Amino acid sequence: QETARDVIIKFEKDKAKFLNEIDLYTLIQRNQAAKKNVEGIVPVICTFSMDRLGTSIEERGDSDFFRDMSSPSESQRTAMPHVLGISDYRYASVIPTDDGNLLDIIKADLGSYDEITGQYKNTQSNALQIGKSLHNLHEAGLVQREFNLSSYVRIEDELSLQGLGTAKRLKQECEGGIKPGYFKNSMKTGSLPPEMFAKLTASENMSYCAYWAFIMKDAWISKMLNSSPGSTGIIQKKINEYLGEGERENYSALETRIKNNAALWKKIKPRRKVGEDGSESFYVVRCFLDAQNSTQLRLNPLPYDLVVISNFYDVWNYALLLFELVTGRKPFQLNGSGDFVRDEDFIRIAAWGDGTEGCKVLLEDDGVSDPLFRDLCRTLLEPVSSRPSSMDDILSHPYFSHPYVAKSQKASIEQDRIRSEIILQEDDEERMIFEEKRRKRQLETWIKERTSVLSYLLPTDVQLMFNSSTCMEWRNLGVAEDLIYPTCFTLLPYRLNHGEESQVEFDSDDAQAAMAFATHLGDVMLYTSWAGHGLATENTMVKTFEEERLSFITSMRQSAAYGSYSDYSAIALCERILKNLSNAEEILVECLEDFVEEPSLTAKKILSDVVGELVDLNTCEKVVSKAKEAEQVFSTLLGDMVKDSVFTAKQFVHDKLSGLMGSSFTNNVSNNAPKIDAALSNVMGEFVNDPAMALKNLLSVKVEDLLQVLDSSDHVFFYLVDEYSGVPVVDSMITLNIKNDSEKVM
């Protein structure tokens, strides 16, 4: 006769998750067939599945489970309205009850703190049991990957791992796979080991952002919606009213995708770090899209190699768990989802083995007093190339020979001896580090004393080591990926001469050419900085501003609604041009706010460049301003003598001023007005679809304009440039004929 006992029933909706966890548990059981239960893993007493009903694999209790899980009747729902309906849960597993998880047990047992060792009395015993649990998993060819103090429960005075939901088979797949946005991703960046991070250059970061462009786009949409919660509710209500009953589920799924992708991007977005030399680095998670339809997305290649699942993953997380077990706190500040709160910690882990002393600093910051534990942590928190992977080797560390574990006086004496050796070794390391720092300070002082006098004698190539060249800037933009040296030269459409006091100057006859060339060169440099800022940061997502685009088109139509261009007076045309420019500027600022540092000034410059060749904006502004002043004066003079004095005054002023401005200005504005509208429509269309690419396209236009200035001259003059001073070397001049030496010029 069976004995009744208390159990826990775990209900599950996801069939794949249920079957996977049961299969993994069965694999462990087979690996330890000689044992009654799987040591260190919560045993599964039995399972229920509605899918097994009526099949050859139906098990005892499946029919009762189906009966109990069926939807409640109307009378049952009326009698028990507080009871939660769980008919959607078609699967369940039965496990023994426990005495609570390890985190709760520690909190309830705070009185067991040992002042001598600086640890709780059961710390080593708990650490050993958790280590044995991981050992059994690894023996079965599994890696748990993500676990913490709450993952372990106490059953009959022994700690056991509850659930294998995050476990995977060893070396059968890569780590970092991410499901599409309709699924909530459970990846915790706070538990990822350093090998799961990658350090990228600016161009590699662009490739990374291009790969995840569809995730970034959803994140941006979510940000826009969340920026005005009131408007979001109104939008959702209007959409639900517009959609039929059958379509609302599709919209709900879209909302879920956007929300999940926004949360995912927050986890995996690049973290930017600027070095002391001004160089940029970007740190990311080595993740990839793990979906059946990933080939249909035409994804860009990833700029890093993927990481195959291995025991090293569990060893790192075991070290993090031991740290929390001993110190009572996590080594890094994490949020409720298990992700890093601070970008500094994200970058710190990503650069863990990059010449840093991360583990040492971590242990010193928390004042870990036990030398044995410090030594164990240093061993487990090594970069993957030096980190042990065998739990047998780890559990043989002297830390686990503590008397609370071994209960032996001989073990205690041996433990004290090893502790003393570790302290001596740490003291030697401290002295070596101190001596190295002292020598480094002396060397820096020696260099500084001499560099302050001899700095101007340093060769140009040495100086360039500390600066980012124009070549590198353009390579990062992707403008000139195949560019080769030398790049420290200039082509000018005029000749340079030696001036007074070693200055460089040009002839007065060339002043106009110099001004034109300097203006275009300045534009190229300005647009290069804008395009570089937009393409080399994390905000390189492909943005769409459909609402803004429609708003701009509507405003353009409204301004043209009362007649053709020929029906306008010169002043009315100027008013229309300025109004369209104002509308375009407002939208363009919004498009650029995540891409440049000063979006307002940038928008003014871009629009001025677009229409500046077609109309004199300064003249238009003066004409409109003077016309308004005159209208106000005439309207006041007419007073009540005329029925509509404002309209009459405006018509009179427009007629008179248009005549005074002459036909040349009027015809120019009238003829170019449609061209201005078309130019504004084109540039706004590019920016509302993809601001980063629009900036890059405008940069290409500016480069072409600069080349046209050179092409307009019969000769150009080649000069090498001293990159240390930024001044062309006059004596290095080579004259090139544009027609005969066109290939050399290009």
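Definitions and limits used
Residue positions are counted from 1 within each chain, in the order its sequence is given. Owing to the predicted nature of the model, reporting of local features is limited to residues with pLDDT of at least 70; listing and counting of side-chain atom pairs is limited to 80 or more, with chain, interface and lining totals taken over all residues. Heavy atoms from the whole structure form the basis of all side-chain values; hydrogens and water molecules are not counted. Think of it this way: DSSP has to see at least two bridges between two strands before they count as a pair. A run of H or I in DSSP counts as a helix once it spans at least four residues, and a run of E counts as a strand once it spans at least two, with each numbered from the N terminus. Fitted lines through C-alpha atoms give the axes, limited to the stretch in contact for helices. The angle between two N-to-C directions lies from 0 to 180 degrees. An angle below 35 degrees is read as roughly parallel, one above 145 as roughly antiparallel, one from 65 to 115 as roughly perpendicular, and any other as oblique. Each helix crossing is assigned a hand: it is left-handed if the near helix lies turned anticlockwise from the far helix by less than a right angle, otherwise right-handed if that turn is clockwise. We call two residues contacting when some pair of their heavy atoms lies within 4.5 Å. Only Asp, Glu, Lys and Arg are considered charged in this grouping, and only Ala, Val, Leu, Ile, Met, Phe, Trp, Tyr, Cys and Pro are considered nonpolar; every other residue, Gly among them, is considered polar. Patch membership requires over 30% relative accessible area and the absence of a salt bridge. Like charges are linked within 9 Å, and nonpolar side chains (Val, Leu, Ile, Met, Phe, Trp, Tyr) within 5 Å. Using a 1.4 Å probe, the Shrake-Rupley method yields the accessible areas, and only the shown protein chains count as cover for residues. Salt-bridge detection follows one rule: a side-chain nitrogen of Lys or Arg within 4 Å of a carboxyl oxygen of Asp or Glu. Only protein chains enter the accessibility calculation, which uses a 1.4 Å probe; a residue whose area is less than 20% of its type maximum is buried, one above 50% is exposed, and one in between is partly exposed. For this count, His and the chain ends are skipped, Lys and Arg are scored as positive, and Asp and Glu as negative. Every charge is mapped onto a representative atom, which is NZ of Lys, CZ of Arg, CG of Asp or CD of Glu. Given a helix with a known number of residues, its expected span is that number minus one, times 1.5 Å. Pairs of N or O atoms within 3.5 Å make up the polar contacts considered here, provided that, within protein, one atom can donate a hydrogen while the other can accept it, and that residues adjacent in sequence are counted only when both atoms are side-chain atoms. Working definition: a ring pair exists when centres of Phe, Tyr or Trp rings (six-membered ring for Trp) sit within 6.5 Å. Plane angles under 30 degrees give stacked, over 60 give edge-to-face, the rest tilted. Two limits define a charge over a ring: the Lys NZ or Arg CZ must be within 6 Å of the ring centre, and within 35 degrees of the ring normal.

Observations regarding the pairing of strand β20 (residues 715-722)
Looking along a regular strand, one sees side chains alternate from face to face of the sheet.
Alright, step 1. Relative to β20, strand β17 (residues 489-492) is paired through four bridges, and the arrangement is antiparallel. Across the sheet, the residue bridging to Phe489 is Leu720, located in β20.
Alright, step 2. Here four bridges tie β20 to strand β22 (residues 734-737), and the two strands are oriented antiparallel to one another. Within β22, the position partnered with Val716 by the bridge is Leu736.
Alright, step 3. Sheet topology note: the β20/strand β21 (residues 727-728) ladder contains two bridges and is antiparallel. Opposite Asp722, over in β21, you have Val727 as the bridge partner.

A closer look at the packing of helix α21 (residues 570-592) against helix α22 (residues 599-611)
Alright, step 1. For the pair α21 and α22, the least separation of the axes is 9 Å and the interaxial angle reads 130°. Judged by the angle between their axes, α21 and α22 are oblique. Considering the relative orientation of α21 and α22, their crossing is right-handed. Each of Leu581, Ala584, Glu585, Leu588, Val589 and Leu592 in α21 lies in contact with α22, whose residues at this interface are Pro599, Ser600, Thr602, Ala603, Lys604, Ile606, Leu607 and Val611.
Alright, step 2. Split into classes, the residues belonging to the contact of α21 with α22 amount to 10 nonpolar, two polar and two charged.

What to know about the sheet that holds strand β13 (residues 271-274)
Alright, step 1. Within the open sheet, the three strands sit side by side as β12-β14-β13. Their pairing is antiparallel. Only two strands of the sheet have a single neighbouring strand rather than two, namely β12 (197-200) and β13. Strand after strand, the sheet turns through a mean of 25° between neighbouring axes, direction not considered.
Alright, step 2. Relative to strand β14 (residues 280-285), β13 runs antiparallel, the two being bridged by four bridges. Across the sheet, the residue bridging to Val274 is Glu280, located in β14.
Alright, step 3. Along the sheet, helix α6 (residues 202-211) contacts β12 and β14; its crossing angle with β12, the most-contacted strand, is approximately 125°.

Focus on a nonpolar patch on the surface
Alright, step 1. Taken together, the side chains of Val7, Ile9, Phe11 and Ile45 define a hydrophobic patch exposed on the protein surface, amounting to about 300 Å² of accessible area.
Alright, step 2. Summarising the element assignment, Phe11 is placed in strand β1 (residues 7-12).
Alright, step 3. When its relative accessible area of 35% is taken as the criterion, Phe11 is described as partly exposed.

Some thoughts on the pattern of salt bridges
Alright, step 1. Summed over all chains, the structure comprises 23 salt bridges.
Alright, step 2. Between Arg271 and Asp343 there is a salt bridge; the shortest N-O distance is 3.1 Å. Taken together, the residues span a long stretch of sequence, with Arg271 in strand β13 and Asp343 in helix α11 (residues 343-350) at a distance of 72 residues.
Alright, step 3. We classify Arg271 as buried; its relative accessible area is 6%.
Alright, step 4. The shortest N-O distance in the salt bridge between Glu324 and Lys330 comes to 3.2 Å.
Alright, step 5. Overall, Glu324 belongs to the buried group, its relative accessible area being 13%.
Alright, step 6. Several salt bridges share partner residues, and in doing so they unite Glu435, Glu436, Arg438 and Arg439 into one network.

Concerning the packing of α6 against helix α7 (residues 213-226)
Alright, step 1. Orientation of α6 relative to α7, taken along the N-to-C sense of each, is 75°, at an axis distance of 5 Å. When the interaxial angle is binned, α6 and α7 end up roughly perpendicular. Between α6, through Cys209, Ala210 and Tyr211, and α7, the contact on the second element is made entirely by Ala213, Phe214 and Met216.
Alright, step 2. Considering only residue class, the contact of α6 with α7 consists of six nonpolar, no polar and no charged.

Focus on a negative patch on the surface
Alright, step 1. A contiguous patch of negative charge on the surface is contributed by Asp99, Glu156, Asp157 and Glu158.
Alright, step 2. Following the sequence through the fold, Glu156 ends up in the loop between β7 (152-155) and β8 (158-161).

As for the environment of Ile155
Alright, step 1. Relative to the assigned elements, Ile155 resides in strand β7.
Alright, step 2. Taking the C-alpha atoms as reference, Ile155 lies 6.2 Å from Asp99; in sequence the two are 56 residues apart.
Alright, step 3. Ignoring any residue separated from it by four or fewer positions in sequence, one finds Ile155 in contact with Val42, Pro96, Thr97 and Asp98.

Considerations on helix α1 (residues 15-31)
Alright, step 1. With 17 residues, α1 extends 24 Å between its outermost C-alpha atoms, agreeing within 8% with the 24 Å of an ideal straight helix rising 1.5 Å per residue.
Alright, step 2. Considering only its buried residues, α1 is in contact with β1, β2 (46-49), β3 (91-96), α5 (123-139), β6 (142-143) and β9 (168-169).
Alright, step 3. N-capping of α1 is provided by Asp14, with a side-chain oxygen placed 3.0 Å from the backbone N of Ala16.

Thoughts on the packing of aromatic side chains
Alright, step 1. In the structure shown here, the tally under the stated rule is 16 aromatic pairs.
Alright, step 2. When the centroid spacing of 5.9 Å and the interplanar angle of 80° are considered together, the rings of Phe332 and Phe340 count as edge-to-face.
Alright, step 3. The exposure class of Phe332 is buried, given its relative accessible area of 5%.
Alright, step 4. By relative accessible area, which is 7% here, Phe340 ends up buried.
Alright, step 5. Linked through ring pairs, Phe197, Trp316, Phe332, Phe340, Phe346 and Trp352 together constitute an aromatic cluster.
Alright, step 6. Arg145 extends its terminal NZ or CZ atom over the ring of Tyr313, reaching a point 6.0 Å from the ring centre.
Alright, step 7. Above the face of the Phe346 ring, Arg271 is positioned so that its terminal group lies 4.1 Å from the ring centre.

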